[in-house]
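# Residue-level structural notes
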Amino acid sequence: MRLKRFMHLILVTGLVASGIAGCGGSGKSASGDTAATQQTSQNDKKGPNGEALATEQIAHGQQFHVITFDTAQVGDSESGSFFLATCEGLFRENNGVLENAGCEKYEVSEDGLTYTFHLRKNKWSDGVEVVASQYVDTVERVLNADLACPYAFFAFPIKNAEKYYNGECEFKEVGVEAVDDYTLKFTLEAPESYFIDKLSYTMFDPIRVDNIEKYGDTYGTDAMQTLSCGPYMVQEYTASQSTVLVKNPEYWDAENVYLEEIDLQQIDETATQFQLFEAGQLDFVAASGDYLKKWDQAASEGKCQLFTDGDVASQFFSFNTQESCPSGLTQNAKVRKAIAYTLDSQTFIDSVYNSRYTAAYGLVTPNIKVGDKEYRSEFPEPIKEEYSEYANNPEKLQALFHEGLKELGKDTDDLSTITIQFLGYGESTIEKDIEQYVVQRIQDNLGIKVDLNIVGDFGLAHSAQVAGEFDLCMQVWGADYNDPMTFIDIFRTGGSSNYGKYSSKAYDQLLDQLAKEQDNEKRLKLYGEAERILIKEDAAIKPLLYRDKHSYINNRLKGLQYPIFGGKYEFKYAYVVEQ
């Protein structure tokens, strides 16, 4: 089914279906039908588990809200999903297990400082070989301070990387080397237990400097500029409307890639998404609100597949801690805490997400470990106890707010004269519910006003966050690797995703200690102290919830995976069966 035909069906069918059609079969995890051990040629019309393959290997889904098409600038899961499809780094996650991808094998020196990777033979979509120097080019580009790459700090454990970033040495002194075309070597400043996990992230994928130079300053703004070395390549792209990805014939493992095409469409309203899913025009859709009960029931009856699992994503409110914040007030920790404690996590979940997700009083999600210990089980959430003292107590919240105003020299008897600004995104039902919740809770508990600054375009909303055009905004952060540092280092002074410009000498010192500490028991305590300073002492953020994954997949689509880290979707192992 081609793109134009898909759009025609959306219009002609009127989004109507007589029942829950085209969704047959059920299961807790759609990724259970992995194609990891694919042995059968697609020409035999059999899937990896012996199923009869559909003639058309096409999957239909929701358009990714890609912020950038430049691997060096990726800092979000939507953009990460695009590059999971179109790029092949050293490693690829397969059903939660990190597997060799761009490398066939690797060795680590006994002292944990040197990593040597032996690359497999792979090609870009234009037929050019993927070689080790292209990985070196990636590191050099990420460490170009002029580009302000959001994850540049991921490379700092590499020897002299941070010095180069700060202009203190030449790149030839950085610990990355193309020994030959198919041998890549990294040398670290100190051992880092999760360095391999970092290398699986998009920013370390190989790049083509000639392609970047071809587009100059516009590089990264259009999907059609992308050269692929992964399972799929871009055939069509229209911003905020649609993307068509097709199988990359030059990919090293192309014979084990079943889907010939992935059609992605921009569909804003949840109701429309589920109407299309019911009509068989979308193959996978994320659940929320009133749809949970209906579609969980449908899955239990075998009418579609259900994928559900814990996530490693945290959702929270961020405060602008700068003096230049719109209200001039959220620079004060007591003001921030008073506002934060009006925003109750459980009532937020109940009113916005229909009781889905888990209330959070910390930043680091469950399932994240330090060594073999789950961090969240070892350290209680830092504000859970204190928050209960303020919950549903407007008098106490207002007293705290007045204390902050006095420290700023701006106290007033009439709090209704004070306005703070909330930065929101989009006009979907959920976004409107979030905005209504924020306004109502803050006004009811503090008596101050909330000015809504709603930005409809995802990219513009992100730009407004980066520019600090808010007193309060919402962030969602998904873990990039299995260690609390993936959350904690967001808020280092000068961090690119530290939109509130939070800065604490004590916090930064803890991060510096963590970078050198190898004892996991000591690291657990350092993380706990850092989280306490950030959330309880300085109230730089207000935790809201720990997210989960809850999606429905058409029975005809098998092997679709939902990675734990990085992007939201993994299509490499997916395939379509006959119905």
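Just so you know, these numbers come straight off a predicted model, no measurement behind them.

### A short note on the packing of aromatic side chains
Scanning all chains against the criterion turns up 46 aromatic pairs. Geometrically, the ring pair formed by Phe64 and Phe571 is tilted, given 6.4 Å between the ring centres and 35° between the ring planes. On the criterion of sequence distance, the pair formed by Phe64 in the loop between strand 1 (58-62) and helix 2 (77-86) and Phe571 in the loop between strand 20 (557-558) and strand 21 (575-576) is long-range, its members being 507 residues apart. Phe571 carries the same exposure label as Phe64, and that label is buried. Among the aromatic side chains, those forming a connected cluster through ring pairs are Tyr151, Phe153, Phe154, Tyr194, Tyr201, Trp477 and Tyr481. The residue whose ring lies beneath Arg120 is Trp252, and the NZ or CZ to ring-centre distance is 3.8 Å. Positioned over the ring face of Tyr390 is Lys396, at 4.9 Å from the centre of the ring.

### Section: the confidence of the model for the protein chain
A residue-level look at the protein chain finds 92% of positions with pLDDT of 70 or above and a mean pLDDT of 90. Scored below 50 in pLDDT, residues 1-43 makes 114 contacts in the model with residues more than four places away or belonging to other chains.

### Structural notes on the packing of helix 9 (residues 333-340) against helix 13 (residues 394-408)
Running from N to C, helix 9 and helix 13 point in directions that differ by 155°, and their axes come no closer than 7 Å. Between helix 9 and helix 13, the angle falls in the class roughly antiparallel. When the axes of helix 9 and helix 13 are compared, the crossing they make is left-handed. Contact residues: helix 9 offers Lys334, Val335, Lys337, Ala338 and Ile339, while helix 13 offers Leu397, Leu400, Phe401, Glu403, Gly404, Leu405, Glu407 and Leu408. Taken together, the residues of the contact of helix 9 with helix 13 sort by class into eight nonpolar, one polar and four charged.

### Examining the pairing of strand 5 (residues 114-119)
Remark: a regular strand shows side chains that alternate across the two faces of the sheet. When strand 4 (residues 103-108) meets strand 5, the two strands line up antiparallel, connected through five bridges. Residue pairing for strand 5: Tyr106 is matched across the bridge by Phe117. Taking the residues that link successive antiparallel strands as the turn, the strand 4-strand 5 hairpin has five residues, and the phi of Gly112 there is positive, at about 75°. Alignment of strand 5 against strand 7 (residues 183-187), held across five bridges, turns out to be antiparallel. Paired with His118 across the strands is Thr183, a residue of strand 7.

### What to know about the environment of Thr321
Note that Thr321 resides in the loop between strand 12 (305-319) and helix 9. C-alpha separation for the pair Thr321 and Gly500, spaced 179 residues apart in sequence, amounts to 5.5 Å. One polar contact links the side chain of Thr321 to the main-chain carbonyl oxygen of Gly500, over a distance of 2.8 Å. Among the polar contacts listed, one links the side chain of Thr321 to the backbone oxygen of Lys501, at a separation of 3.2 Å.

### A closer look at the side chain of Ser228
Along the polypeptide, Ser228 turns up in the loop between helix 6 (209-215) and strand 8 (232-238). The class of Ser228 is buried, set by a relative accessible area of 1%. At 2.8 Å, the side chain of Ser228 and the backbone oxygen of Thr86 are in polar contact.

### As for the sheet that holds strand 5
Taking strand neighbours across the sheet as the criterion, the four strands line up as 4-5-7-6 in an open arrangement whose pairing is antiparallel. Every other strand in the sheet has two partners, leaving strand 4 and strand 6 (176-180) as the edge strands with one partner each. Each adjacent strand pair in this sheet contributes to an overall mean axis angle of 20°, direction not counted. Bridge analysis of strand 6 against strand 7 gives four bridges, and the strand direction is antiparallel. Bridged to Val176 within strand 7 is Phe186. Packing against the sheet, helix 3 (residues 132-142) makes contact with strand 5, strand 6 and strand 7, and its axis sits at approximately 170° to strand 6.

### Points about helix 14 (residues 429-446)
Because each turn of an α-helix spans 3.6 residues, side chains separated by three or four positions in sequence point in the same direction. If you check helix 14, its first and last C-alpha atoms are 26 Å apart, about what 18 residues at 1.5 Å a residue would give, namely 26 Å. For helix 14, the complete set of buried residues consists of Ile434, Glu435, Tyr437, Val438, Val439, Arg441, Ile442, Asn445 and Leu446. The positive-phi residue at the C-terminal boundary of helix 14 is Gly447, with phi of around 80°.

### A short note on the pattern of salt bridges
The full count for this structure, using the stated rule, is 23 salt bridges. Between Lys334 and Glu403 there is a salt bridge, and its shortest N-O distance comes to 3.2 Å. Of the two residues, Lys334 is situated in helix 9 and Glu403 in helix 13; the sequence distance between them amounts to 69 residues. Glu403 gets classed as partly exposed once you look at its relative accessible area, which sits at 38%. A salt bridge links Arg376 to Glu531, with the shortest nitrogen-to-oxygen separation between them at 2.9 Å. Of this pair, Arg376 sits in helix 11 (residues 375-378) while Glu531 sits in helix 18 (residues 520-537), and the two are 155 residues apart along the sequence. Across the pair, exposure class does not vary: Arg376 and Glu531 are buried alike. The network of salt bridges with common partners includes Glu88, Arg92 and Glu570.

### Comments concerning unusual backbone geometry
Of note, the phi angle at Asn95 is positive, near 50°, even though the residue is not glycine. Along the chain, the position of Asn95 falls in the loop between strand 2 (91-94) and strand 3 (97-100). Positive phi outside glycine occurs at Ser240, with the angle close to 60°. One can find Ser240 in the loop between strand 8 and strand 9 (242-247).

Thresholds applied
Residue indices begin from 1 for each chain and proceed along its sequence in written order. Only residues with pLDDT of at least 70 get local features here, since the model is predicted, and only at 80 or more are side-chain atom pairs given and counted; chain-wide, interface and lining totals rely on the full set of residues. The basis for every side-chain value is the complete set of heavy atoms in the structure, and neither hydrogens nor water enter the calculation. Two rings from Phe, Tyr or Trp (for Trp, the six-membered ring) form a pair when their centres are within 6.5 Å of each other. A pair whose planes differ by under 30 degrees is stacked, one over 60 is edge-to-face, and the rest are tilted. Strands here are runs of E lasting at least two residues and helices are runs of H or I lasting at least four, both read from the DSSP assignment and numbered beginning at the N terminus. Throughout this description, buried means an accessible area under 20% of the type-specific maximum (1.4 Å probe, protein chains only), exposed means over 50%, and partly exposed covers the range between. Whether a charge lies above a ring is judged from NZ of Lys or CZ of Arg, which has to be within 6 Å of the ring centre and within 35 degrees of the ring normal. A score between 0 and 100, pLDDT records how confident the predictor is in each residue. Two residues form a contact once any of their heavy atoms are found within 4.5 Å. Interaxial angles span 0 to 180 degrees and are taken between N-to-C directions of axes, which are lines fitted to C-alpha atoms, for helices over the stretch in contact. Roughly parallel means an angle under 35 degrees; roughly antiparallel, over 145; roughly perpendicular, 65 to 115; everything else is oblique. Note on convention: the crossing is left-handed when the near helix lies turned anticlockwise from the far helix by less than a right angle, right-handed when the turn is clockwise. Residue polarity is assigned by list, with Asp, Glu, Lys and Arg as charged and Ala, Val, Leu, Ile, Met, Phe, Trp, Tyr, Cys and Pro as nonpolar; anything else, Gly included, falls into the polar class. Strand pairing is assigned whenever DSSP detects at least two bridges linking the two strands. Pairs of N or O atoms are called polar contacts if they sit within 3.5 Å, as long as, within protein, a hydrogen donor faces a hydrogen acceptor (for residues adjacent in sequence, only side-chain-to-side-chain pairs). By definition here, a helix of n residues has an expected span of 1.5 Å times n minus one. Basic side-chain nitrogens of Lys or Arg form a salt bridge, by our definition, when they fall within 4 Å of a carboxyl oxygen of Asp or Glu.

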